[in-house]
Amino acid sequence: MALVPLIAPVRLSSFIVVFLIVAVGCDRKIRTVAPKTSLVELPTTTLSGPPFFTEITDSSGVEFQHHVGPVGRYFFPDIMAGGAAFFDFNLDGKLDIYLVNSGSPPSQVDSVAMARLGANRLFQQQSDGRFVDVSLASGLGDTGYGMGVAIGDINNDGYPDVYVTNYGPDRLYLNGGDGVFTDITQAAGIENDRWSASAAFFDFDRDGWLDLFVTNYVDYQPFQPCRDAAGRLDYCNPAVFPRTADVLYHNLSGNDPDQSGGSTEPDNAPIRFENVSLESGIAEKPGAGLGVFCADLNGDDWPDVYVSNDGHANHLWINQHNGEFRDEAILFGAAYDAVGRGQASMGLALGDVNDDGWLDLLSTHMEGESNALYLSSGGPIFSESSVRSRIAEASLPLTGFGAIFVDFEHDGDLDLAVVNGRVRRSLAGPKKSHTGDETLSRSYAERNQLLMNIGQGVFQEFAGADAFLGHVEVSRALAYGDVDNDGDVDLLVTNFVGQARLFRNDAPKKGHWLIARVVEPKLGGRDAYGAQLTVITAGKRIQGLVSPGSSYLASHDPRVHFGLGNAANVEHIEVRWPDGANEVFPGGAADRFLVLARGEGTPP
């Protein structure tokens, strides 16, 4: 195949050309990276081959159906839910699953049975790999009108706790370490009664206690019906309603008077959060938030926050190191599309897709807009590169929600998975839907996508027979984790008025792998949220980040997965801890699990 130049950064003319073609036919200060070239081999638009994923939903014992209220009322939150999480709630080394349900709005729930039908579900993995529903015994069968979920250890006892976002009051559940969770929402000072969406735990002031960021969507008025162009009732456009501001909660538990000197050690003191949205600056900009992730994006060793806003400029909240944040998305080139327009941003993915040592961002959008890939330009400046990467071409006709960057076949490059589903009725007529309400979901169902990284951040869509691609549904959350501990990454998908689906990664592998759990022994042994990893092999540096909250309404396996390509050995591993300290850990053979504990490495 002939070599052709990479397409230049997106311009309006480039976007139109692609549209016509479709119509007709860590330590990010690293500089020791391979020289880049302006040429890349571009094969045909799609590729085929053996399947990547096998569906194991039925055989695994995960039985979950997303419920909403009466069909045909077009209650706006129905079409936007619900969330999913992989996490090990009992610390037995096996990932468990949490799924968020909806049901009827609180004002319409007139029986205990109706409330239980829409309850959230916790599935505990057993020794044989099957899952058992322990929702009732665990106390996590929340019956609020559920949206998403965030996972994090808020009291430094080593056990992950659970935050549930709702249309209505959110809920915070404390893990007792005995399989039982306690609702501490009110006692902890959490009071968010708006329509919230994605949420994420992170330590914004680096005091050792996880804080919480919650996106809020719009001020929905259910008595205001909406119609499509043909005059039929349909789900509303969010622009009809006022935007709402996101919320930042500061974890004050370490400042309790019973904890002398602001200890980071757990004790019996109450868990307390303070809403600091106003003084931090977060409340200054309402934005119709849907997706969020937290990471150091400007290389100053302080965690920042990126928020996808539906129909408006995205926010990039840069940490000012004093409890305040400043939105610099426009300055950094990560607010709009390539021609300066706000898009219908939903889900978010994060990863170094072009191997330059800097984190890149992806935001999913509605059909007709294409998903946006913001490539870091070697620093805190981003360039919208969806055409150059060929993501625009693949995503233009679809409406994306959950998205992740993961190396599925271990060739050393991050691939992309996206789940899709419309929010407005298709004018082309109903599509075949495999599950869910046949009279409603058909007009909103779309296929999901796998896009393989063929090098330098250029993607090629996989179009072969595959279980993950075989269902045409209204998909929302997409979570990832190594559910069977075999070294590759499996997928969990939720669907509007459909069943949740679990997919095992059976992709033919092209190389080796490494999975690292990064922990803070002095913080109860919890996962070191915000830690940046660099795995060094012969001739390559591969980036990773401990930050499970991303995609859409989802939380992932907190362990960091690396595809190593043909490297059978690792030279060493560099860890930059959340407070900016550095350690180096020895390498060794590939294809294994590691635990990297702070204090057990050596200074660089």
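Residues numbered from 1 in each chain as written. Predicted model: local features only at pLDDT ≥ 70, side-chain atom pairs only at ≥ 80, totals over all residues. Heavy atoms only, no water.

(A) Structural context of the sheet that holds strand β34 (residues 501–505). With antiparallel pairing, 4 strands are arranged side by side in an open sheet as β4-β34-β33-β32. The sheet is open, and its two borders are formed by β4 (53–55) and β32 (475–481), each paired with just one other strand. The sheet shows a mean angle of 25 degrees between the axes of neighbouring strands, taken without regard to direction. As paired elements, strand β33 (residues 490–495) and β34 share 3 bridges and run antiparallel to each other. Bridge pairing in β34 links Leu492 to Leu502. (Pairing = 2+ DSSP bridges. Helix = DSSP H or I, 4+ residues; strand = E, 2+ residues; numbered from the N terminus. Axes fitted to C-alpha atoms, helices over the stretch in contact; angles between N-to-C directions.)

(B) Here's a closer look at the state of the cysteines. In total, this model carries 1 disulfide according to the counting rule given. With a sulfur-sulfur separation of 2.0 Å, Cys226 is cross-linked through a disulfide to Cys236. Linking Cys226 and Cys236, the disulfide has an S-S dihedral of approximately 95 degrees and is accordingly described as right-handed. Residue Cys226 is located in strand β15 (residues 226–227), and its partner Cys236 is located in the loop between β16 (233–234) and β17 (247–251); the two are separated by 10 residues in the primary sequence. Cys236 gets classed as buried once you look at its relative accessible area, which sits at 6%. (Disulfide = S-S within 2.5 Å. Buried < 20%, exposed > 50% of the residue type's maximum accessible area, 1.4 Å probe, protein only.)

(C) Broad picture of unusual backbone geometry. Cis geometry is adopted by the peptide bond preceding Gly82, which originates at Ala81 and carries an omega value of 0 degrees. Relative to the elements of secondary structure, Gly82 occurs in the loop between α2 (57–60) and β5 (84–87). The backbone of Ala288 shows a phi angle near 55 degrees, a positive value even though the residue is not glycine. With respect to the element layout, Ala288 can be found in the loop between α5 (277–280) and β19 (289–295).

(D) The arrangement of the nonpolar core in detail. Core analysis: the biggest nonpolar cluster contains 53 residues, and Tyr98, Val162, Tyr163 and Leu533 have the highest contact counts within it. Built from parts of two domains, this core gets at least three residues from each of domain 1 (53–512) and domain 2 (513–597). Not counting residues up to four positions away in its chain, the partners in contact with Tyr98 are Gly83, Ala84, Ala85, Phe87, Asn120, Arg121, Leu122, Leu140, Asp142, Val149, Val162 and Val164. Counting 33 residues, the second-largest nonpolar core is a separate cluster that includes Met80, Tyr235, Met346 and Val474. (Core = buried A, V, L, I, M, F, W, Y, C linked by side-chain atoms within 4.5 Å. Domains from an automatic or database assignment. Contact = heavy atoms within 4.5 Å.)

(E) Quick look at the pattern of salt bridges. Applying the stated criterion across every chain, the model contains 27 salt bridges. Of the charged contacts, one joins Glu446 and Arg422 as a salt bridge, the two residues approaching to 4.0 Å between their closest N and O atoms. Linking Glu446 in the loop between β29 (415–420) and β30 (449–453) with Arg422 in the loop between β29 and β30, this pair joins segments that are 24 residues apart in sequence. The partner of Asp557 in a salt bridge is Arg559, and the shortest N-O contact between them spans 2.9 Å. Here the two residues Asp557 and Arg559 agree in accessibility, since each one is buried. Overlapping salt bridges, with partners in common, bring together Asp228, Arg232, Asp234 and Arg425 in one network. (Salt bridge = Lys/Arg side-chain N within 4 Å of Asp/Glu carboxyl O.)

(F) Structural context of the packing of aromatic side chains. Throughout the structure, instances matching the rule amount to 28 aromatic pairs. Relative to Phe468, the ring of Phe53 lies with its centre 5.9 Å away and its plane at 50 degrees, an arrangement referred to as tilted. Placement of the pair is Phe53 in strand β4 and Phe468 in helix α8 (residues 467–470), with a sequence separation of 415 residues. For the pair shown, Phe53 and Phe468 are each scored as buried. Of note, Arg206 hangs over the ring of Trp302, and the distance from its end group to the ring centre comes to 3.9 Å. Between Arg476 and the ring centre of Phe401, over which it is positioned, the NZ or CZ distance is 3.8 Å. (Phe/Tyr/Trp six-rings, centres within 6.5 Å; stacked < 30°, edge-to-face > 60°. Lys NZ or Arg CZ within 6 Å of the ring centre and 35° of its normal.)

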